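# A look at the structure
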Amino acid sequence: MTVRPRDDMDDIDDPIDDCRRQKSEGTMHTTAQRPTPRLARLLACAAVVPVMFVAGCSLGSSDDSKEAAPGSEASKSAEAAPKVEPAKFAKLPRPCDALGKKTVKDLVPKAKNKSGSEGKSADLESRSSCSWNGLDGFQYRWLDVSFQRFESDASLGSGSERAGDYFTKQVAAAKSVKGAKKLKTATTAGVGDQATTLSYDLKKDKDDFRNQTTVVRTANVVITVNYNGTGYEDAKTPKAEDMVKDVESAAKEAVKAVEDTRK
């Protein structure tokens, strides 16, 4: 028998030669059913590639969804953010100019300072006040007007809502004056959006004072007008009915001054 020289390719099994040998021997050998080592490696690599490709696509899709999420949440937050009605009035009138000279002269005939005394304020666009007082013979009168303006705030509410809360507090404060007697409260029609007038008697240094307070809300501004007086010595105490008319007239004028700030 002739021995064939060894070839390096002999180490690699040839499926075709295997089949030929199996046919010549007439017997199916179990090793012919298994893929050769080289073919097994090729099949293994071919199986891995698609898995890695799919995995890569899945990761990309996951990242895209993560990137889109923050924008989506921000959009939802913006839509859910509370919105409030803008404040109607952006500023206040000068308090000492809010009431006309004739009004001041009628209510305080001999005012010490006809121009009025302006109250101190760190922010005149948000709060301000002015007062007049004087003695005409034995008749004493005091008049003051104050303004409080509220801005709209998403966390606190609209300017009008905040002013409404303050209006309620001002009315309650007027009702709780220590020593007040014969307190009367009435809704004042035709003045701003809300208006209440309070009337009561108060004794000071043995003298009987008539006190009237009108609290008004017009949109986001609250106006408080106080008017009181007495008759010293044997002078007559002013009539409450007359003083109520005077304080309500002054309140209407103050409301108009606020409305004129928008012109």
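The coordinates are above.
Residues numbered from 1 in each chain as written. Predicted model: local features only at pLDDT ≥ 70, side-chain atom pairs only at ≥ 80, totals over all residues. Heavy atoms only, no water.

## Quick word on the overall build of the protein chain
The criterion, for reference: Strands here are runs of E lasting at least two residues and helices are runs of H or I lasting at least four, both read from the DSSP assignment and numbered beginning at the N terminus. Here's how the labels work: a residue is buried when its accessible area is under 20% of the maximum for its type, exposed when over 50%, partly exposed in between, all with a 1.4 Å probe on protein chains only. Two residues qualify as a contact provided that any one of their heavy atoms is within 4.5 Å of a heavy atom in the partner residue. Computed with a 1.4 Å probe, the accessible areas rest on the Shrake-Rupley method; for each residue, only the protein chains presented here act as cover.
Counting its regular elements, the protein chain contains 5 helices and 7 strands. The order of α-helices and β-strands along the protein chain, N terminus first, is α-α-α-β-β-β-α-β-β-β-β-α. Per-residue burial over the protein chain gives 31% buried out of 263 residues. Of the contacts formed within the protein chain by residues at least 6 apart in sequence, a portion of 56% connects residues at least 24 apart. Accessible surface, the protein chain: about 17,600 Å² in total, of which carbon and sulfur atoms supply 53%.

## Things to note about the layout of surface pockets
Where we set the bar: Of the two site types, the cavity is a set of points on a 1 Å grid over the protein atoms alone where a 1.4 Å probe fits but cannot get out, and the pocket is an open set with protein on both sides within 12 Å along at least five of seven lines, each lined by residues with an atom within 4 Å of a point. Grid points are joined across faces, edges and corners, and a volume is the space filled by probe spheres set on the points. For this classification, the nonpolar set comprises Ala, Val, Leu, Ile, Met, Phe, Trp, Tyr, Cys and Pro, the charged set comprises Asp, Glu, Lys and Arg, and every other residue, Gly included, is treated as polar.
Of the pockets and cavities examined, the second largest pocket occupies roughly 200 Å³. Contributing to the lining of the second largest pocket are 13 residues, with Gly100, Lys101, Val104, Lys114 and Ser115 lying nearest its centre. For the lining of the second largest pocket, the leading source of residues is helix α3 (residues 101-107), giving 3 residues. Here the residues of the lining of the second largest pocket are counted per class, giving 7 nonpolar, 2 polar and 4 charged.

## Overview of helix α4 (residues 159-175)
Count 3.6 residues to each turn of an α-helix, and residues three or four apart come out pointing the same way. As a reminder of what qualifies: In a helix, the anticipated span is given by 1.5 Å times the number of residues less one. Throughout, the arc means the angular range of directions from the helix axis out to the C-beta atoms.
The first and last C-alpha atoms of α4 sit 24 Å apart over 17 residues, in line with the 24 Å expected at 1.5 Å per residue. Those residues of α4 that sit buried are Gly159, Ala163, Gly164, Phe167, Val171 and Ala174. For α4, the arc enclosing every buried residue in end-on projection is 135°, short of the 170-degree limit, so these residues lie on one face. In α4, the exposed residues that point more than 90 degrees away from the buried face are Thr168 and Lys169. Looking at the packing, one finds that the buried side of α4 touches β5 (194-204), β6 (207-218) and β7 (221-231).

## So, the state of the cysteines
Selection rule: Count a disulfide wherever a pair of cysteine sulfur atoms falls within 2.5 Å.
All chains considered together, the criterion is met by 1 disulfide. Cys96 shares a disulfide with Cys130; S-S distance 2.1 Å. Its torsion about the S-S bond being 100°, the disulfide of Cys96 and Cys130 is classed as right-handed. Of this pair, Cys96 sits in the loop between α2 (37-80) and α3 while Cys130 sits in strand β2 (residues 127-136), and the two are 34 residues apart along the sequence.

## Quick word on the environment of Pro82
Tracing the backbone shows Pro82 in the loop between α2 and α3. Along the sequence, Pro82 and Asp153 sit 71 residues apart, while their C-alpha atoms lie 9.7 Å from each other.

## With respect to helix α5 (residues 240-259)
Between the first and last C-alpha of α5 there are 29 Å, a value that for 20 residues agrees with the 28 Å anticipated at 1.5 Å per step. The inward-facing, buried residues of α5 abut α3, β3 (139-149), β5, β6 and β7.

## Thoughts on the packing of aromatic side chains
Going by this rule: Only the six-membered ring of Trp is used, alongside the rings of Phe and Tyr, when aromatic pairs are assigned; centres must lie within 6.5 Å, and planes under 30 degrees apart are stacked while those over 60 apart are edge-to-face, with the rest tilted.
Counting across every chain of the model gives 3 aromatic pairs. The interplanar angle of 55° and the centroid separation of 5.4 Å between the aromatic rings of Phe150 and Tyr166 together place this pair among those described as tilted. With Phe150 in the loop between β3 and α4 and Tyr166 in helix α4, this residue pair connects regions lying 16 residues apart in the sequence. The class for Phe150 is buried, based on a relative accessible area of 12%. Each residue in the set Tyr140, Phe209 and Tyr232 is aromatic and connected to the rest through ring pairs, giving one cluster.

## Considering the sheet that holds β6
Inclusion rule: Any two strands between which DSSP finds at least two bridges are classified as paired.
Strand order across the open sheet formed by 7 strands is β1-β2-β3-β7-β6-β5-β4, with antiparallel pairing between neighbours. Strands at the two margins of the open sheet, each flanked by one partner only, are β1 (117-118) and β4 (181-187).

## Quick look at the pattern of salt bridges
Note the cut-off: A side-chain nitrogen of Lys or Arg and a carboxyl oxygen of Asp or Glu constitute a salt bridge if their distance falls within 4 Å.
One pass over the full model with this rule turns up 10 salt bridges. The partner of Glu118 in a salt bridge is Arg94, and the shortest N-O contact between them spans 3.1 Å. Of this pair, Glu118 sits in strand β1 while Arg94 sits in the loop between α2 and α3, and the two are 24 residues apart along the sequence. With relative accessibility at 32%, the residue Glu118 sits in the partly exposed group. Close ionic contact of Asp260 with Lys256 constitutes a salt bridge, the shortest N to O distance being 3.1 Å. Note on Lys256: relative accessible area 46%, which makes it partly exposed. Look at the salt bridges and you will find they share partners, linking Lys182, Asp201 and Arg210 into a network.

Function-wise, these values are silent; they only describe arrangement.
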